[in-house]
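# Working through the structure, step by step
One letter stands for each residue in the lines below.
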Amino acid sequence: MRTLHVVKNWRSAPKTQFVRARDCVQRPRSCVNGIGGQELVYLLKGKMPTRSTTTALVLTDTNCAADPNGISHCHNVLRLASGSMMTVRHDHSMGNDPCLVPGERVRVRPLR
């Protein structure tokens, strides 16, 4: 099961090696967002999970056309275990890491 580490936006992401390795916007050529099943996503709509870790069901995978750098900025609607919904942006290189798939179960963790 993949783990999605959620941040409110790229400006609020901590300046750690974890984020630098997975940030496809700032470093598109070296982005590998999915190393070890750990992925960085950005909250677009909804509220951050209140629990440190929860599970979610991926409901959608849209907006996946790659930008000029070959990075996809997929939008995914997730239904959390609590029943609440959130939409995240999953930036990734299709050549390195797959999209989130509707029906896939994932772990969700707020990244603070």
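Moving on, we come to the nonpolar core. Counting residues in hydrophobic clusters, the biggest one holds 14 residues, and the most contacted among them are L4, V6, A56, L78, M86, V106 and V108. Breaking this core down by element, the ones donating at least two residues are β1 (3-7), β2 (38-45), β3 (54-58), β4 (71-80), β5 (85-93) and β6 (105-110). Look past the residues within four positions of M86 in its chain and what remains in contact with it is V6, L43, K45, G46, K47, P49, N76, V77, L78, L80 and V108. Counting six residues, the second-largest nonpolar core is a separate cluster that includes V7, V19, Y42 and L111.

Turning to the sheet that holds β6, a few remarks are in order. The strand order around the closed barrel built from six strands is β1-β2-β5-β4-β3-β6, with neighbouring strands paired in mixed fashion. Strand-to-strand twist in this sheet, taken as the mean axis angle between neighbours without regard to direction, amounts to 45°. With four bridges joining them, β3 and β6 adopt antiparallel strand pairing. Looking at β6, one finds that T54 is bridged to V108.

Burial along β6 is one-sided: V106, V108 and P110 are buried, while R105, R107 and R109, pointing the other way, are not. One ladder, built from four bridges, connects β1 with β6; its direction is parallel. Opposite V6, over in β6, you have P110 as the bridge partner.

Quick look at the pattern of salt bridges now. The final tally for this structure, using the stated rule, is three salt bridges. Close ionic contact of R2 with E39 constitutes a salt bridge, the shortest N to O distance being 2.8 Å. Pair noted here: R2 is in the segment before β1 and E39 is in strand β2, with a separation of 37 residues, a long-range link. The partner of R89 in a salt bridge is D91, and the shortest N-O contact between them spans 2.8 Å. Neither R89 nor D91 differs from the other in exposure class; each is buried. When salt bridges that share partners are traced, they join R2, E39 and E104 into one network.

This next bit is on the environment of D67. Along the chain, D67 turns up in the loop between β3 and β4. Judged by relative accessible area, which is 24%, D67 ranks as partly exposed. It is 9.8 Å that separates the C-alpha atoms of D67 and S93, two residues lying 26 residues apart in sequence. Of note is the side chain of D67, whose polar atom sits 2.8 Å from the side chain of H73.

Here is what the cut-offs are and how they apply
- Residues numbered from 1 in each chain as written.
- Predicted model: local features only at pLDDT ≥ 70, side-chain atom pairs only at ≥ 80, totals over all residues.
- Heavy atoms only, no water.
- Core = buried A, V, L, I, M, F, W, Y, C linked by side-chain atoms within 4.5 Å.
- Buried < 20%, exposed > 50% of the residue type's maximum accessible area, 1.4 Å probe, protein only.
- Helix = DSSP H or I, 4+ residues; strand = E, 2+ residues; numbered from the N terminus.
- Contact = heavy atoms within 4.5 Å.
- Pairing = 2+ DSSP bridges.
- Axes fitted to C-alpha atoms, helices over the stretch in contact; angles between N-to-C directions.
- Salt bridge = Lys/Arg side-chain N within 4 Å of Asp/Glu carboxyl O.
- Polar contact = N/O pair within 3.5 Å; in protein donor to acceptor, adjacent residues only side chain to side chain.

This is a description of form; function is not addressed.
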